[in-house]
Amino acid sequence: MPIAARPHSVRAMLLILLLPAGIGLMALAWIIHGALLERMSTDFVESRLKDEVAFLEHQIRQSGGRTDTLQTGDYFQEVFHHAFAIASPSGQSISPKTWTPLLRPLLSSEQEGAVRVRDAEVPAAPSEMLGYRRAFTVDGNSFVVIVAEDMEALQQSQAELHTWTAVVSVLLVILMIGSIWVGISLALRPVVGLQASLKRLQSGDISRINANGPEEFRPLVRQLNQLLDSLDDRLERSRDALANLSHSVKTPIAAVRQILEDTSRPLDKNLRREMASRLDDIDAQLESEMRRSRFAGPQVGQSACPVKQARDLLWMVGRLYPDKSFELSTYLPEHHRWPVEEHDLNEILGNLLDNAGKWSSRWVELTLGEDQGRLKIIISDDGAGVSETARSQLGKRGLRLDEQTPGHGLGLAIVHAIVERYQGQVHYTSSKAGGLSAVVEIHGSDRFGSRSSN
Amino acid sequence: MRLLLVEDDPLLANGLSAQLEKAGFSVDTARTAREARQLGQQESYRAGILDLGLPDGNGLDVLRQWRTHKVSFPVLILTARGDWKDKVNGLKAGADDYLAKPFQTEELIARLHAIVRRSEGRIMDILTAGRFELDENRQTLRSGDQTEHSLTGTEFRLLRCLMSRPGQVFSKEQLLDQLYSLDDTPSENVIEAYVRRLRKLVGPDTIKTRRGQGYLFDADSR
């Protein structure tokens, strides 16, 4: 559920992610700080106590075991601010006296080294202390020395320090929230700018978005601008096409109507043929304009599956020309994609294959390939071929090289127009079987990048 | 020759049926998809002309229904849309040819005669091996999961050869006979390439390699 309810604003998302993380990390740092502080002070006190025990031991050894010669009394307490206890064969001395209930059990215990006493309930003595106990022998007499420090006072100052750290941490967290907020706001400023330009674009103040945004948004802006370019382009083209179409269609319609309305005029054979030819003109105009307006040209994100489409079309022409063999030769994988609009590729392949099917005697081969970023389509047949001089006229609009097979000229002209739109080339050679080989080459990669940079 | 004309425009239907009768066909006309479905399944025709845009449905659906009910007369599709994808879909649905409106009646009649001639003596010619069905008329392969694959000429001939005798080993030389290409000496690598492609359709274990001998079609493999 919390994932499903994810907020849609980048700002909210960042705050929701960064704030708890920041606060959590700060709290963790504070806890670690406390633990380290505790350990450090304990270690420090312990090493000092150890030094003092060593010093006492040294003194006792020097005096040959006579503890009474030691300068006892309040000296140690005054110099070291520590309590101590010495057990010798001659007796025990504990200073200050109020610590006796705490230190006496330690003297008789067997524990060596650091000793921690907590929650002791002895009046006039600390409830918590750290002591260091050491047993040794001098001239056959065994001694026990304990030096102890009041930890209560230390812990109090430690707690104070820790509290201050917490206060500073909270201040830092507040500063962090502020800087995160400022950072997010600054980082999102380009988005706000983009939003504003989109609004201005909608209201018509500007026609293209300014591309001087941050690196991350440049491709987006570029694609948006390209989309706008292609929209404008398409609108202009379809307007032109419609204007051309209505111009060339209305006249023959007017002529035919005129004839039909004139009831006094007999519909003789000549007139019928005349009318049919006018209707044919309308059809031809419609067909050519429609096919022209249908192809899309280079677009963002449109991609065709060359192998799949080629297989379908090869199968189709194979059904239409059942005694001819249509073969595919390609090393491209089945689901390979090309940055060509699907319908455009169908038009290129379909027209070329249909043409080859008409002219071949029994064999047509379609080769798909890629060569250094160029998409390559080769369609070869084993027909009679086209002479070298006539080849340059192939695909030129309005020229029909064959009079028997209608529609030949239009198909190739459409292929040329589409390939031109993709800034590619079509050329013709003779195939190894003597027929015609049509070679289409289109730039595959970086077409959009190079287009938008000029 | 009995012919079913499915066309909803009365002017075109009447004119066309008159011209077809003149050319020697006896024409039944259907104006709706429902009528077309009924007539196609009840009567036996030698050919059909089918308009795709019908008032109560798509002509392609009518055609698909005919074909699932084993109605096998050849069908020529008429449509105003001349898109390549539409043509492919039309033929995949079971049509035999395709003509874009407007057309000349002579061309329509010529195409009709061509598809009738092609269909002559044609029964549902389906080669079955294991879970695979090879439709010889339509050059398609249907596998057990009912997906239909369209095949190119050579793929079809190689598969027909292998499927005609499942379990028998065919040498590369025998398979090379199924292949006509422009190379004077087609190499055996070409056969390997085609077998690789066919294996993608039928599964890697269905066509087995016998080292040094050739290939065999194992109909029982999964």
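Calculation rules
Residues numbered from 1 in each chain as written. Chains lettered and ligands numbered in written order. Predicted model: local features only at pLDDT ≥ 70, side-chain atom pairs only at ≥ 80, totals over all residues. Helix = DSSP H or I, 4+ residues; strand = E, 2+ residues; numbered from the N terminus. Buried ≥ 20, exposed ≤ 12 C-beta atoms within 10 Å, placed from the backbone. Contact = placed C-beta atoms within 7 Å. Arc of directions from axis to C-beta. Nonpolar A, V, L, I, M, F, W, Y, C, P; charged D, E, K, R; others polar. Pairing = 2+ DSSP bridges. Axes fitted to C-alpha atoms, helices over the stretch in contact; angles between N-to-C directions. Core = buried A, V, L, I, M, F, W, Y, C linked by C-beta atoms within 7 Å.

Within chain B one finds eight helices and 13 strands. By residue count, 32% of the 222 residues in chain B fall in the buried class. Of the contacts formed within chain B by residues at least 6 apart in sequence, a portion of 52% connects residues at least 24 apart.

Next up on the list: helix H3 (residues 59-68) of chain B. All names here are of chain B. Taken residue by residue, H3 has Gly59, Val62, Leu63 and Trp66 as its buried positions. Relative to the axis of H3, the buried residues are bounded by an arc of 100° and lie together on one face. Contacts made by the buried residues of H3 are with strand S1 (2-6), helix H2 (33-42), strand S3 (47-51), strand S4 (53-54), strand S5 (57-58) and strand S6 (75-79).

Attention shifts here to helix H4 (residues 84-92) of chain B. Within the span of H4 of chain B, buried status applies to Trp84, Lys87, Val88, Gly90 and Leu91 of chain B. Summarising the axial view, the buried residues of H4 of chain B lie within an arc of 160°, below the 170-degree limit, and thus occupy one face. On its buried side, H4 of chain B packs onto helix H8 (306-320) and helix H9 (342-359) of chain A together with H3, S6 and strand S7 (97-100) of chain B.

Turning our attention to unusual backbone geometry. Residue Pro102 of chain B is reached from Lys101 of chain B by a cis peptide bond, and omega for that bond is -10°. The residue Pro102 of chain B is located in the loop between S7 and helix H5 (105-119) in this model. Unlike most non-glycine residues, Gln423 of chain A shows phi in positive territory, near 55°. The exposure class assigned to Gln423 of chain A is partly exposed, which follows from the 13 C-beta atoms found within 10 Å. The backbone phi angle of Gln139 of chain B is positive, close to 55°, even though this residue is not glycine. When the 21 C-beta atoms within 10 Å are taken as the criterion, Gln139 of chain B is described as buried.

Moving on to the interface of chain B and chain A. Opposite the 17 residues of chain B that make contact, chain A presents 22 residues. Counting only elements with at least two residues in the side of chain B that touches chain A, the list comes to H4 and helix H6 (153-164) of chain B. Ranked by residues supplied to the side of chain B that touches chain A, first place goes to H4 of chain B with five residues. In terms of residue class, the side of chain B that touches chain A is built from seven nonpolar, six polar and four charged.

With that out of the way, let us pick up the sheet that holds strand S11 (residues 148-150) of chain B. Residues and elements named next belong to chain B. Taken together, the four strands give an open sheet; going across it, the order is S8-S9-S10-S11, and neighbouring strands pair in antiparallel fashion. The sheet terminates laterally at strand S8 (126-129) and S11, the two strands that pair on one side only. Geometrically, the sheet is characterised by an average inter-axis angle of 20° between neighbouring strands, direction not taken into account. Pairing of strand S9 (residues 132-135) with strand S10 (residues 140-142) involves three bridges; the strand directions are antiparallel. Residue Asp135 lies in a different strand from S10, and its bridge partner there is Thr140.

Okay, the nonpolar core next. Counting 88 residues, the largest nonpolar core has Leu313, Ile348 and Leu353 of chain A together with Leu159 of chain B as the members making the most contacts within it. Non-local contacts of Leu353 of chain A, meaning those with residues more than four positions away in its chain, are made with Leu313, Leu314, Val317, Val364, Leu366 and Ile379 of chain A.

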